[in-house]
Structures are given as C-alpha cells and as structure tokens.
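Listed here are the chains, written in short residue letters.
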Amino acid sequence: MAAQDEWIFFTNYNEGTVKASIVRTRTALTALVLACFIAASPAHAQQKIGYVNSETILKELPEAKDAKEKLAAIVKGWNDEIEKMSKDLQEKYEDYQKKQGLYNEQTKQSEQKKLIEQEQKMNEYRQQKFGQQGELALQQDKVMQPIKEKVFKAIEQVAKEQKLSFVFDKAGDVLLLYADKGADYTFIVIDRLKRGGK
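Bear in mind that the values here come from a model prediction, so they are computed numbers and not experimental data.

Colleague: Sorry, what's going on with the overall build of the protein here?
Modeller: Secondary structure assignment for the protein yields six helices and two strands. For the protein, the proportion of contacts with a sequence separation of at least 24, taken over those separated by at least 6, is 82%. Of the accessible surface of the protein, which amounts to about 13900 Å², a share of 53% is contributed by carbon and sulfur atoms.

Colleague: What is the right way to read the pattern of salt bridges from this model?
Modeller: Once the charged atoms of two side chains with opposite charge are near each other, the side chains can pair. Under the counting rule described, the total for this entry stands at 10 salt bridges. Across the pair Lys99 and Asp95 runs a salt bridge, and its minimum N-O distance is 3.4 Å. Residue Lys99 and its partner Asp95 are both found in helix H3 (residues 62-99); the two are separated by four residues, about one turn of the helix. Residue Lys99 is classed as partly exposed on the basis of its relative accessible area of 37%. Across the pair Arg195 and Asp191 runs a salt bridge, and its minimum N-O distance is 3.1 Å.

Colleague: Can you walk me through helix H5 (residues 135-161) in this structure?
Modeller: Each α-helix turn comprises 3.6 residues. Residues three or four places apart therefore point the same way. Taking 1.5 Å per residue as the helical rise, H5 with its 27 residues ought to reach 39 Å, and the 39 Å between its terminal C-alpha atoms agrees with that figure. The sharpest bend along H5 measures roughly 40 degrees and falls at Met144, with the proline Pro146 sitting one to four residues further on. Of the positions making up H5, those classed as buried are Leu136, Ala137, Gln140, Val143, Met144, Ile147, Val151, Ala154, Ile155, Val158 and Ala159. Contacts from the buried residues of H5 go to strand S1 (49-52), helix H2 (54-60), H3, helix H4 (105-130), strand S2 (166-169) and helix H6 (186-194).

Colleague: Would you mind going over unusual backbone geometry with me for this structure?
Modeller: Only a minority of non-glycine residues have a phi that is not negative, and only a minority of peptide bonds are not trans. Even without a glycine there, the phi angle at Lys163 is positive, about 55 degrees. Since its relative accessible area comes to 64%, Lys163 is described here as exposed.

Colleague: It is not clear to me how the nonpolar core should be interpreted in this structure. Could you clarify?
Modeller: A general feature of soluble globular proteins is that nonpolar side chains tend to end up buried together. Counting 19 residues, the largest nonpolar core has Val52, Ile57, Leu61, Ile147, Val151, Val189 and Leu193 as its most contacted members. Looking at this core, the elements with two or more residues in it are H2, H3, H5 and H6. Per-element tally for this core: the top contributor is H5, with eight residues. Setting aside anything within four residues of it in sequence, one finds Val52 in contact with Ile57, Ile155, Val167, Phe168, Asp169, Lys170, Ala171, Asp184, Tyr185, Thr186 and Val189. Membership of the second largest hydrophobic core comes to 12 residues, among which are Trp78, Leu115, Tyr125 and Phe130.

Colleague: What is the right way to read the confidence of the model for the protein from this model?
Modeller: Atomic detail in the predicted coordinates should be set aside for any region of low pLDDT. Considering every residue of the protein, the mean pLDDT works out to 79; 72% of them sit at 70 or more. By mean pLDDT, helix H1 (residues 14-40) is the weakest element of the protein at 48, and H4 is the strongest at 96. Below pLDDT 50 for its whole length, residues 1-23 participates in 29 contacts with residues either more than four positions away or in separate chains.

Colleague: Help me understand the pairing of S2 in this model?
Modeller: Along any regular strand, the residues point their side chains to alternate faces of the sheet. Covered by surrounding structure in S2 are Phe166 and Phe168 only, the residues Val167 and Asp169 on the alternate face being uncovered. When S1 meets S2, the two strands line up parallel, connected through four bridges. Counterpart to Val52 in the pairing with S2 is Asp169.

The rules behind each value
- Residues numbered from 1 in each chain as written.
- Predicted model: local features only at pLDDT ≥ 70, side-chain atom pairs only at ≥ 80, totals over all residues.
- Heavy atoms only, no water.
- Helix = DSSP H or I, 4+ residues; strand = E, 2+ residues; numbered from the N terminus.
- Contact = heavy atoms within 4.5 Å.
- Areas by Shrake-Rupley, 256 points an atom, 1.4 Å probe, with all protein chains shown as cover.
- Salt bridge = Lys/Arg side-chain N within 4 Å of Asp/Glu carboxyl O.
- Buried < 20%, exposed > 50% of the residue type's maximum accessible area, 1.4 Å probe, protein only.
- Expected span 1.5 Å × (residues − 1).
- Bend = angle between axes of the 7 residues up to and from the residue.
- Core = buried A, V, L, I, M, F, W, Y, C linked by side-chain atoms within 4.5 Å.
- pLDDT = per-residue confidence, 0-100.
- Pairing = 2+ DSSP bridges.

What follows is the structure, encoded as structure tokens:
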C-alpha cells in the first residue's frame, strides 16, 4: 500500500480536495505577497532567504519514522476491520440474491433494509476513522505535534545562526521555481535534530 511509503493522508472526499486546493492557493498568494514585499523593501539586498525540505527531514528523524509506523499500524487495523465488514456484506448480498426469488415482498424489503443498514454502518465506521475530523486526523495531530514543534524549533535556531530572514519549505505548497543549493539548510536542520537540538 502506498500509504506506508508516504505520510498517510486521505483526500478521497471532494471536501478534502477543495480544502487542499484552497490551502495551496492561499500559500501561493502568501508567497507572492512575500516576494513582492522583499523586492519592494529598500534593504532587500540584506535579506537572506533559505529553504529546507521537510520531507527529507521527516525521513531522517527517528521520531517521525516511529510515528509513521505507529500510524500505519493503527490504519492497518482499521482497514482490516473495513475489509472484514465489506466481505461480510458481500456474502450477505450474494446470499440475498440467491434467495430473493423465494421471498415474499415483505421479506425482500426487510432483507434489503438489513443490507442497506449494514452498508451504512460500514460507511459510518470508515468516516469515523478516516473522515476529515476522524480518528486518523486526531491521531496524526496527536503524534505529529511534538515532532513538528521540534523541527520548527531546529529550523528557527538554524535560521538565526545563518542570519536568514525567511525559510521556505521546498516540499510544501509554496512554489519554489529556483533554489541555489547553497541556500538549502535541510541537512543543517537534520544535523541539529540528531544532536538533540544543541
């Protein structure tokens, strides 16, 4: 499953796709305004800008790897339960199809209602676990918040040491059209994190 290789995000819902699009648009506009501000600033020659790649940082950070494995284990359990529910529903539906010719109208409607209710129960479970406000989102926030704080603190320390005015994330939604490798501070941040933030 590809979700085990990447951070697990579920955007199967149109609502999620729309929200992601809005975030990208806001981020791009913010970057554009920031670029205009820097260009218009009389001291823009003194501004120093750098970038990091948060994907690389998270791949190198042991805590992030552990969090990813923990989340993957939780998701696997939920997916196994959904698969079990789906298989059970499929078996009941096939059984219904075989027997429906023997049922009177009232029994047919009763059996159909049971199948619909079982499908709704499965969909509710899926939404409860993987929906926008579902348990996965809550678990990701819970597990990732301390890691994010640690990474941001390390980035802030590196930015201050390197006298950077701005630090962009190359892996984020901010469009980075060109980046001089000399402005890449990803591995300095990784080094800082591996040394315990010192």
